[in-house]
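Topology and contacts: notes
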Amino acid sequence: MEGRDTLATQYRPLLEGATNLHSEFHYHTTVGPTFTAHETIRNLPGRETPLSQVLLYRVTDGAIDRAWLVQEE
């Protein structure tokens, strides 16, 4: 996946219906150029239970150039 437009196209349909979405960050840290965050998302459309996920972003020249997402099953 590349670029903001690609992200917006992928996530817009999910998030437009998320009128009561809540995200709780448990922790975040930076290691070198990599930012890591653990969050729990509640009230996702079509999902009855909260979603726990870890996100990793690599930052180069002030912009995210690579992202990884690990979600619980």
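Below you will find a few notes about this structure.

What counts as what
- Every residue gets a number counted from 1 within its own chain, in the order that chain's sequence is written.
- Reporting in this predicted model follows two pLDDT cut-offs: at least 70 for local features of residues, and 80 or more for side-chain atom pairs to be given and counted; totals over whole chains, interfaces and linings ignore these cut-offs and use all residues.
- Neither water nor hydrogens contribute to the side-chain values; these are computed over all heavy atoms in the structure.
- Each patch groups residues whose relative accessible area exceeds 30% and which form no salt bridge, using 9 Å between like charges and 5 Å between nonpolar side chains of Val, Leu, Ile, Met, Phe, Trp and Tyr.
- A 1.4 Å probe and the Shrake-Rupley method give the accessible areas. Residues count as covered only by the protein chains that appear here.
- For this document, the term salt bridge refers to a Lys or Arg side-chain nitrogen within 4 Å of an Asp or Glu carboxyl oxygen.
- Runs of E in the DSSP output that reach at least two residues are strands. Runs of H or I that reach at least four are helices, and both are numbered from the N terminus.
- Note on classification: 1.4 Å probe, protein chains only; a residue is buried when its accessible area is under 20% of the maximum for its type, exposed when over 50%, partly exposed between these limits.
- Contacts are residue-level and defined by heavy atoms, with any inter-residue pair within 4.5 Å sufficient.
- Centre distance within 6.5 Å is the pairing criterion for rings of Phe, Tyr and Trp, where only the six-membered ring of Trp is used; planes under 30 degrees apart are then read as stacked, over 60 as edge-to-face, and the remainder as tilted.
- When DSSP finds two or more bridges between two strands, those strands count as paired.
- All axes here are fitted lines through C-alpha atoms, helices being fitted over the stretch that makes contact, and every angle between N-to-C directions spans 0 to 180 degrees.

1. Remarks on a nonpolar patch on the surface
Taken together, the side chains of L7, Y11, L14, L15, L21 and L69 make up a nonpolar region of the molecular surface, amounting to roughly 470 Å² of accessible area. Inspection of the secondary structure puts L69 in strand β4 (residues 63-71).

2. What about the environment of P45?
Among the secondary structure elements, P45 is positioned in the loop between β2 (34-42) and β3 (51-60). Classification of P45 as partly exposed rests on a relative accessible area of 34%. Each C-alpha atom, one on P45 and one on R4, is 22 Å from the other, the two residues being 41 residues apart in sequence. If near-sequence neighbours (up to four positions away) are discounted, P45 is found in contact with L14, G17 and A18.

3. Structural notes on the packing of aromatic side chains
As enumerated under the stated definition, the model contains one aromatic pair in all. Between F35 and Y57, the ring centres sit 6.3 Å apart and the planes meet at 25°, which makes this aromatic pair stacked. Here F35 is found in strand β2, whereas its partner Y57 is found in strand β3, with 22 residues between them in sequence. On the basis of relative accessibility, which here comes to 25%, the residue Y57 falls in the partly exposed class.

4. Side note on the pairing of strand β1 (residues 22-31)
When β1 meets β2, the two strands line up antiparallel, connected through nine bridges. Among the inter-strand pairings, T29 is bridged to a residue of β2, identified as T36. In textbook terms, the turn of a hairpin is the stretch between consecutive antiparallel strands, and for β1 and β2 this stretch comprises two residues, one of which, G32, has a positive phi near 60°.

5. A few points about the sheet that holds β4
Strand order in the open sheet made by the four strands is β1-β2-β3-β4, with antiparallel pairing throughout. Edge positions in the open sheet fall to β1 and β4, since each of these has one partner strand only. Between one strand axis and the next, the sheet turns by 20° as a mean value, whatever way the strands run. Of the pairings in the sheet, the one linking β2 to β3 comprises eight bridges and is antiparallel in character. The residue of β3 that forms the bridge with F35 is Y57.

6. Notes on the pattern of salt bridges
Applying the stated criterion across every chain, the model contains three salt bridges. Taking the shortest distance from any N to any O, the salt bridge between R42 and E24 comes out at 3.3 Å. Note that R42 is positioned in strand β2 and E24 in strand β1, a separation of 18 residues in sequence. Relative accessible area serves as the criterion here: at 33%, E24 is assigned to the partly exposed category. As a salt-bridge pair, R47 and E72 come within 3.9 Å of each other at their nearest N and O atoms. Here R47 is found in the loop between β2 and β3, whereas its partner E72 is found in the segment after β4, with 25 residues between them in sequence. Of the residues examined, R47 reaches a relative accessible area of 29% and is grouped as partly exposed.

These results come straight from atomic positions and should not be treated as a statement about function.
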